[in-house]
Amino acid sequence: MEFLGGRKCLKKVQFCDGIQMLKRIFVIFAVIYCLGKRNCSCAATSVARKNVLMIMVDDLRPAIRAAGDKNAITPNIDKLLNRSFYFKNAFAQQSLCAPSRNSILTSRRPDTLRLYDFHSYWRDVAGNFTTFPQYFRENGYFTYSIGKVFHPGESSNNTDDFPASWSLPTFHAETEEFLNSPFCVDRDTGEFTNNLLCAVDLNLVPFGTLPDMENTEKAIEMLQKSYENASESPFFIAIGYHKPHIPFMFPLEYLRYHPETKFTHPRDFFKPNDMPVVAWAAFNDLRKRRDVEKLNLSYPFGTFEADFAMKVRQHYYASVTYIDFLIGKLLNNVNFDDTIIVLVGDHGWSLGEHAEWAKYSNFDVALNVPLIIFDPHSSSKPRHIPEIVELVDIFPTIVHLAGLEHLKKCKKLTKTCTQGKSLVPLMHKMIENHPLEYSAFSQYPRAGLYPSQIPNSDEPRLKNIQIMGYSIRTRQFRYTIWIPFNHETFAADWRTIIAEELYDHSFDAEERENIASRPEISHIKSILFEKLHKKMKQ
């Protein structure tokens, strides 16, 4: 296939104007200058240090063939996974883009950052915390961001946290401004609309390309230049892919890898009876899409019928295969001898489990993500690691692997510290674990007891948050408690239990049966409650 296509100007819109060209020329000269000098506000350099490539994929659940998903077609990620450490039980701290990304990149939990939506900047409201790329930059690395790494907007100060985190401003593809534009062809009318299902002909989109394709080309360019300047300083380059985030907009050809007939119907067409109403995510964002609107779903518990559900699954997996192809192009330009690689999803995505779609919950499907770490100098064999880990663990782990000064555990609001842990001991089998020793802690806010569109109960703004769902995942259990939350004081009332959930993974891996009300397991609930409460108090 032609990767970038022709740089086409649409007649009705002046995409290719002189100002844009001047901007491009300015940025190119700035990049060349900075890469040549490699001083860009960096500290002392070291040619012996490992480079770091971070790949973040938006809304990626473990839909990877080598991770065990037989519906997935991901040959390039499979190849990386098979030569890396794969953490099969890695969990995000909140199943929403901005809170999760800021949590990953600062190694702090949402309660510490005081961010549960998209509308505050942690340096202003919580503390001037050192970020993952900032720490490397302060240790002599050239740092550069491409695409969606930090969530663009208020949650990263409308700058992707430049200049604190990055040596140069973040590169965003020109076509990112069209991410939610109506370029999906309506099957009934032939008109362009804002469908959820949105496989496209590249000849009909601006510039004949898509953001993730542009961003991959930029990442390849920066990798090549950075390797050429390796004698000056090591690099930390991060690329954030937009898909499989909705709308499912990708080149039409990827549908042929995933015929609808290969997907089974969802098992759940109704909200489980024992799921608390406050736990229900009504997938409000999907309901705004034109093809979903046509289904006339009842609100808030109406869900997709079988045929449309299979189409959604088809398009999700096709989006992942599209991203896998781009990751393959990227990895073809990596020097595996001296580069640490991290590939991670920011959170998961429900594909009909519990009759839900999208994210916005504390279930495994919304929180469990693939976490792949390649270490070029590891003495241990690549393997699947079953222990429970968290995404706040990534920052201290890569610092450890890179040979930098290890991060200390946060005791107070220290500028540079971690609320996670290094996973290197797990990678090298240096410790034995009690089943409850390694746990993952997550949370999700709600605007009230019952799902609503105004305010949006799936994505409540801080001023609307009344309830917080705190969740702990151990090897055997997921325990979630829903309690009152004061959005002005950021205090949760642990004395008042609105609802509880308890799922036993020894017989219920899909978390379909809430056993929290069973008296015979009250002692287990008590243990998990205390562990969860203690962690959140910290």
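Residues numbered from 1 in each chain as written. Predicted model: local features only at pLDDT ≥ 70, side-chain atom pairs only at ≥ 80, totals over all residues. Heavy atoms only, no water.

Trainee: Whenever I open this one, the overall build of the chain confuses me. Can you help?
Mentor: Secondary structure assignment for the chain yields 14 helices and 19 strands. Looking at the chain as shown, the accessible area adds up to about 21,500 Å², and 53% of this sits on carbon and sulfur atoms. (Helix = DSSP H or I, 4+ residues; strand = E, 2+ residues; numbered from the N terminus. Areas by Shrake-Rupley, 256 points an atom, 1.4 Å probe, with all protein chains shown as cover.)

Trainee: Help me understand the packing of aromatic side chains in this model?
Mentor: Remark: the centre distance and the inter-plane angle together describe each pair of aromatic rings, the angle taken between the planes. Considering all chains together, one arrives at 34 aromatic pairs under this definition. Where Phe 136 meets Tyr 141, the ring centres are 4.9 Å apart and the plane angle is 90 degrees; that geometry is what we call edge-to-face. Assigned by exposure class, Phe 136 and Tyr 141 land together as buried. With a centroid separation of 5.7 Å and 70 degrees between ring planes, the pair formed by Phe 248 and Trp 349 is classed as edge-to-face. Residue Phe 248 is found in strand β8 (residues 248–251), and its partner Trp 349 is found in the loop between β9 (339–345) and β10 (350–351); the two are separated by 101 residues along the sequence. (Phe/Tyr/Trp six-rings, centres within 6.5 Å; stacked < 30°, edge-to-face > 60°. Buried < 20%, exposed > 50% of the residue type's maximum accessible area, 1.4 Å probe, protein only.)

Trainee: Please explain empty space enclosed by the protein as it appears in this structure.
Mentor: It is the rolling of a water-molecule-sized probe over the atoms that shows where space remains empty. In total, this model carries four cavities of 30 Å³ or more according to the counting rule given. Here the largest cavity defines a volume of roughly 50 Å³. Around the largest cavity, the lining residues are Thr 175, Phe 178, Leu 179, Phe 183, Val 205, Pro 206, Thr 209, Leu 210, Pro 211 and Met 249. Taken together, the residues that form the lining of the largest cavity break down as eight nonpolar, two polar and no charged. (1 Å grid on protein atoms, 1.4 Å probe; cavity = no way out; pocket = protein on both sides within 12 Å on 5 of 7 lines; lining within 4 Å. Points joined across faces, edges and corners; volume = space filled by probe spheres on them. Nonpolar A, V, L, I, M, F, W, Y, C, P; charged D, E, K, R; others polar.)

Trainee: What's the story with the pattern of salt bridges in this structure? I'm lost.
Mentor: Two side chains carrying opposite charge are able to pair once their charged atoms lie near each other. Overall, the coordinates contain 24 salt bridges when judged by the stated rule. Between Asp 364 and Arg 478 there is a salt bridge whose closest N-O contact spans 2.8 Å. Of this pair, Asp 364 sits in helix α11 (residues 364–367) while Arg 478 sits in strand β17 (residues 477–486), placing them 114 residues apart in sequence. Summarising the burial analysis for this pair, Asp 364 and Arg 478 share the class buried. Of the charged contacts in the structure, one is a salt bridge between Arg 495 and Asp 493, with a shortest N-O distance of 3.3 Å. (Salt bridge = Lys/Arg side-chain N within 4 Å of Asp/Glu carboxyl O.)

Trainee: Looking at this structure, I do not really get the environment of Leu 351. What am I missing?
Mentor: Position of Leu 351 among the secondary structure elements: in strand β10. Accessibility expressed as a relative area gives 3% for Leu 351, which makes it buried. Ignoring sequence-local partners within four residues, the contact set of Leu 351 consists of Arg 61, Val 312, Arg 313, Tyr 316, Tyr 317, Glu 356 and Trp 357. (Contact = heavy atoms within 4.5 Å.)

Trainee: Whenever I open this one, helix α10 (residues 306–331) confuses me. Can you help?
Mentor: Quick reminder: α-helices carry 3.6 residues per turn. Residues three or four places apart thus point the same way. Helix length check: α10, at 26 residues, gives a terminal C-alpha distance of 37 Å against a target of 38 Å (1.5 Å per residue), a fit within 8%. Most of α10 is tucked away: 23 of the 26 residues are buried. With a side-chain oxygen positioned 2.9 Å from the backbone nitrogen of Asp 307, the residue opening α10 is Glu 305. (Expected span 1.5 Å × (residues − 1). Polar contact = N/O pair within 3.5 Å; in protein donor to acceptor, adjacent residues only side chain to side chain.)

Trainee: Help me understand the state of the cysteines, please; the structure alone is not making it clear to me.
Mentor: Simply put, the disulfide is a covalent bond whose two ends are the sulfur atoms of two cysteines. Within the structure shown, the criterion is met by two disulfides. For Cys 184, the disulfide goes to Cys 198, at an S-S distance of 2.1 Å. The sign of the S-S torsion, about -95 degrees, decides the handedness of the disulfide formed by Cys 184 and Cys 198: left-handed. Here Cys 198 lies in strand β6 (residues 197–200) and Cys 184 lies in strand β4 (residues 184–185), a separation of 14 residues in the sequence. Like Cys 198, Cys 184 is buried. The side chain of Cys 410 participates in a disulfide bridge whose partner is Cys 417; the two sulfur atoms lie 1.9 Å from each other. (Disulfide = S-S within 2.5 Å.)

Trainee: Explanation requested: helix α14 (residues 522–537) in the structure shown.
Mentor: With 16 residues, α14 should reach 22 Å at 1.5 Å per residue; the first-to-last C-alpha distance of 22 Å fits that figure. Buried residues of α14: Ile 524, Lys 525, Leu 528, Phe 529, Leu 532, His 533 and Met 536, and no others. On an axial view of α14, the arc spanned by its buried residues comes to 155 degrees, and they lie on one face. For α14, the exposed residues set more than 90 degrees away from the buried face come down to Lys 534 and Lys 537. (Arc of directions from axis to C-beta.)

Trainee: What exactly am I supposed to notice about the layout of surface pockets here?
Mentor: Of the pockets and cavities examined, the largest pocket occupies roughly 1,100 Å³. Lining the largest pocket are 34 residues, and of these Arg 61, Asp 69, Glu 353, Val 365 and Glu 510 sit closest to its centre. Elements represented by at least two residues in the lining of the largest pocket include exactly β2 (85–91), α10 and α11. Considering each element in turn, the lining of the largest pocket owes the most residues, three residues, to β2. Split into classes, the residues belonging to the lining of the largest pocket amount to 11 nonpolar, nine polar and 14 charged.

Trainee: How do you make sense of the side chain of Asn 368 when you look at a structure like this?
Mentor: Secondary-structure assignment places Asn 368 in strand β12 (residues 368–374). For Asn 368, a relative accessible area of 14% puts it in the buried group. In this structure the side chain of Asn 368 is engaged in a polar contact, spanning 2.9 Å, whose partner is the backbone oxygen of Ala 90. Among all residues touching Asn 368, those that are not within four sequence positions of it are Leu 60, Arg 61, Pro 62, Lys 88, Asn 89, Ala 90, Phe 91 and Gly 348.

Trainee: Please explain the confidence of the model for the chain as it appears in this structure.
Mentor: Detailed reading of the predicted coordinates is not advisable wherever pLDDT is low. Per-residue pLDDT for the chain has a mean of 90; in total, 90% of the residues score no lower than 70. Low pLDDT, under 50, characterises residues 1–47; the predicted model gives this stretch 79 contacts beyond four residues in sequence or across chains. (pLDDT = per-residue confidence, 0-100.)

Trainee: Explain the environment of Ile 385 here, please?
Mentor: In this structure, Ile 385 sits in strand β13 (residues 384–385). Along the chain, Ile 385 and Lys 429 lie 44 residues apart, while their C-alpha atoms are 9.7 Å from each other. If we skip the residues at most four places from it in the chain, Ile 385 touches Phe 85, Tyr 86, Phe 87, Lys 88, Asn 89, Leu 426 and Met 427.

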